[in-house]
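For reference, the chains in residue letters:
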Amino acid sequence: MSSRQPSSKPDLYVVARIVKELSDNGSMKRTQLATATRLSYDILVRYLGWMNEKGFVRMDGEENVVLTEEGHDVYERLVEWILEYVGKLRFPRF
Amino acid sequence: MSEVQVLTKVEELMGALDQVKRYKALTRLLVDFAVIFLAAIAVLLGWELGFDFYRLGSATGCYYAPFGEFTCTASSAALPLAVQLFSGLAILLIPMAGLLGGIVWVDRGLKKVEVEGWKGVLGEGIPGAIKLLQELNWDLVLDDIRASKSGYSVYFTVKVAGYWMLALVVLFFPYDVGMSALHLAPNMYALALVSFVLVVLVARGDLQKKYRQVVSLDNLMWELRWFSGEFKAAKFEA
């Protein structure tokens, strides 16, 4: 897997899309993942490189991308954070 | 809480912000409304002045009546009937046209406000919710809520004033007839006071609702100020 990283700070939205696809579908080929996340192949590879370095994804023997436990945990923590904070908001009924 | 609950909460947040957008647009549109209505009053004044000058210019039927009033009468008979009729009703028709024009303008403007554009993004699930939260310009959102609050308060005042004027016009004729029947002089101050009390009584529910909406906007601002602080402080980069 390429070790190239996203050119600037990774977009949390893109990371979340990749993780969600992997979480929903299990392991996926990079081309499949690019289609599912509507990312260009090059950008996907850069994100996967960054996520691999962080330990969120890994490649299996058949060159499929797999979400690691850590990747799953980070996504869960992010969801929990949104739940915790957005959940506290009380919106008026206009 | 599940993913569905997160999405529901974010949907509520975005819905509340859409409402803020509408209120903010209303603030701007109320200025347009005032301009349209004042333009109608200017047209009315222009019409009345023009009509009086025409009658004055025709040099018949104008005289100083007792108590120093300058009155023109018969000369307008030379004008087409439609113009005479319009002149008689202009004081009612032109401001009403201004009022209706203003209402239609505000209504059109409010329909143009782009809302619910976020629904497609939220349809992506949690990533969509993250995108929406990430892209919110919190400083702008808080400014918008502040502007909406004052705009909504002005709208609330204008609405009450409008109802009051309407009540005055509607009550004037029966009141005048009643006072004439009793051989008493009409008291406009009393009529204005009674109209105001009636408006407050009839529109009480609506007024309470509007007041609660202003308070709601205030609460929303405090809630979002807290949330934006938390969101900015959160370290999402792994």
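Rules behind the numbers
Residues numbered from 1 in each chain as written. Chains lettered and ligands numbered in written order. Predicted model: local features only at pLDDT ≥ 70, side-chain atom pairs only at ≥ 80, totals over all residues. Heavy atoms only, no water. Contact = heavy atoms within 4.5 Å. Buried area = accessible area lost by both parts, 1.4 Å probe. Salt bridge = Lys/Arg side-chain N within 4 Å of Asp/Glu carboxyl O. Helix = DSSP H or I, 4+ residues; strand = E, 2+ residues; numbered from the N terminus. Nonpolar A, V, L, I, M, F, W, Y, C, P; charged D, E, K, R; others polar. Core = buried A, V, L, I, M, F, W, Y, C linked by side-chain atoms within 4.5 Å. Buried < 20%, exposed > 50% of the residue type's maximum accessible area, 1.4 Å probe, protein only. Phe/Tyr/Trp six-rings, centres within 6.5 Å; stacked < 30°, edge-to-face > 60°. Expected span 1.5 Å × (residues − 1). Arc of directions from axis to C-beta. Polar contact = N/O pair within 3.5 Å; in protein donor to acceptor, adjacent residues only side chain to side chain.

The interface of chain B with chain A comprises 34 residues on the first partner and 27 residues on the second. For the pairing of chain B and chain A, the buried interface totals around 2,900 Å² over both sides, and the portion due to carbon and sulfur atoms is 76%. Put simply, chain B and chain A have one salt bridge between them. Of all the secondary-structure elements, those providing two or more residues to the side of chain B that touches chain A are α1 (3-57), α4 (126-135) and α7 (204-233) of chain B. Tallying contributions element by element places α7 of chain B first for the side of chain B that touches chain A, with ten residues. The residue makeup of the side of chain B that touches chain A, split by class, is 19 nonpolar, seven polar and eight charged.

Our next topic: the nonpolar core. Ranked by size, the top nonpolar core spans 67 residues in total, and within it I18 of chain A together with L13, L224 and F227 of chain B carry the most contacts. Each residue touching L13 of chain B, except ones within four places of it in the same chain, is listed here: L89 and F91 of chain A together with L133, L136, W138 and L224 of chain B.

Applying the stated criterion to the full structure yields eight aromatic pairs over all chains. Aromatic pair W50 of chain A and F56 of chain A: ring centres 6.0 Å apart, planes at 75°, arrangement edge-to-face. Take W50 of chain A: its relative accessible area is 9%, and that puts it in the buried class. On the accessibility criterion, F56 of chain A (4% relative accessible area) is buried. Site record: aromatic cluster; members linked through ring pairs are W81 and Y85 of chain A together with W138, W226 and F227 of chain B.

All names here are of chain B. Applying the stated criterion across every chain yields a total of ten salt bridges over all chains. As a salt-bridge pair, K9 and E12 come within 3.9 Å of each other at their nearest N and O atoms. Here E12 and K9 lie together in helix α1, a separation of three residues that amounts to about one turn. Look at E12 and you get partly exposed, because its relative accessible area is 25%. In this structure, the salt-bridge partner of D218 is K149, at a minimum N-O distance of 2.7 Å. Of this pair, D218 sits in helix α7 while K149 sits in helix α5 (residues 138-181), and the two are 69 residues apart along the sequence.

With that out of the way, let us pick up helix α6 (residues 188-202) of chain B. All names here are of chain B. Here α6 is 15 residues long and its end C-alpha atoms lie 21 Å apart, about the 21 Å a rise of 1.5 Å per residue gives. Within the span of α6, buried status applies to L191, A192, S195 and V199. Here the buried residues of α6 occupy an arc of 100° about the axis, which is enough to place them on one side. Of the exposed residues in α6, the ones pointing more than 90 degrees away from its buried face are Y189 and L193. As for α6, its buried residues are in contact with α5 and α7. By the N-cap criterion, in which a side-chain oxygen at the helix start approaches the backbone nitrogen of a residue two or three places on, α6 is capped by N187, the distance to Y189 being 3.0 Å.

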